[in-house]
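Chain by chain, the residues run as shown.
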Amino acid sequence: DGGSGWDFEGIASVVERGYPMWDWAGEYTEVIGAGAFDESLARADLDVPLVLDHDSLRRIARTTNGSLTLALNDAGDLQVLAPNLDPTDADVAYIAPKLRAGLIDEMSFAFRIEAGQWSPDYTEYRITKVNLHRGDVAIVGYGANPYTSSTLRSAPAADIRAAMLAAAIGVRP
């Protein structure tokens with residue numbers, strides 16, 4: 001694309017929408033509760049990379065260097081934005097055509113459960129507080145939660161210039 005970067009947007013997790021999980025006792029429904037991300041996202045030292053398939057060495061963006069922003073969208077879902085990914089990075093070059101073609105379109109996230117509760121009949125586990133620090137958000141072939149999404153688009157030159165200027169003066173996007 002003439003050397004300009006790629007903007008990645010995704011939803012790493014949705015809230016209040018159950019999805020099937022399995023453990024040694026069988027299938028159950030897992031739900032991430034609204035507000036589960038609030039405390040973790042408020043951390044000043046939040047360190048979360050955007051990676052491929054939960055491989056910590058395949059990082060393509062990171063909160064600590066300002067190349068990755070995590071936020072809650074209007075529905076309270078965990079939104080991921082990595083503007084201006086470097087198209088010369090081998091991992092970006094690997095994943096970009098797959099994202100553009102729709103071959104890969106889901107996300108996942110690695111986290112620690114800090115609070116949760118089973119339903120009385122143990123058919124649903126509601127996670128009410130997560131810790132994202134030193135976890136990850138990942139572009140994956142299939143996530144545990146099928147309601148996630150990932151997209152890639154060419155970054156307009158003006159966006160690239162703005163991101164570069166912001167990085168140069170130490171402002172997080």
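Please refer to the structure placed before this passage.
For the structure given in this document, a descriptive report is provided here. These numbers were taken from a predicted model, which means no experiment stands behind them. (Residues numbered from 1 in each chain as written. Predicted model: local features only at pLDDT ≥ 70, side-chain atom pairs only at ≥ 80, totals over all residues. Heavy atoms only, no water.)

## A closer look at the pattern of salt bridges
- The final tally for this structure, using the stated rule, is seven salt bridges.
- Of the charged contacts, one joins Glu16 and Arg126 as a salt bridge, the two residues approaching to 2.9 Å between their closest N and O atoms. Within this pair, whereas Glu16 is found in the loop between strand S1 (6-13) and strand S2 (19-23), its partner Arg126 is found in strand S9 (residues 124-140), the two being separated by 110 residues in sequence.
- Between Arg62 and Asp47 there is a salt bridge; the shortest N-O distance is 2.7 Å. Placement of Arg62 in strand S5 (residues 55-62) and of Asp47 in the loop between helix H1 (38-41) and strand S4 (49-52) is noted, with a sequence separation of 15 residues between them.
- On the basis of relative accessibility, which here comes to 10%, the residue Asp47 falls in the buried class. (Salt bridge = Lys/Arg side-chain N within 4 Å of Asp/Glu carboxyl O. Helix = DSSP H or I, 4+ residues; strand = E, 2+ residues; numbered from the N terminus. Buried < 20%, exposed > 50% of the residue type's maximum accessible area, 1.4 Å probe, protein only.)

## Considerations on the sheet that holds strand S7 (residues 78-85)
- On the basis of which strands lie adjacent, the open sheet formed by four strands has the order S6-S7-S1-S10 and antiparallel pairing. Looking at strand neighbours, the two that pair on one side only are strand S6 (69-72) and strand S10 (149-154), the edges of this open sheet. Looking at each pair of strands side by side, their axes are set apart by 20° on average, direction ignored.
- When S1 meets S7, the two strands line up antiparallel, connected through six bridges. Along S7, the bridge assignment pairs Gly10 with Val80.
- Here helix H2 (residues 90-100) sits on the sheet and contacts S1, S7 and S10; the angle it forms with S10, its principal contact strand, is near 105°. (Pairing = 2+ DSSP bridges. Axes fitted to C-alpha atoms, helices over the stretch in contact; angles between N-to-C directions. Contact = heavy atoms within 4.5 Å.)

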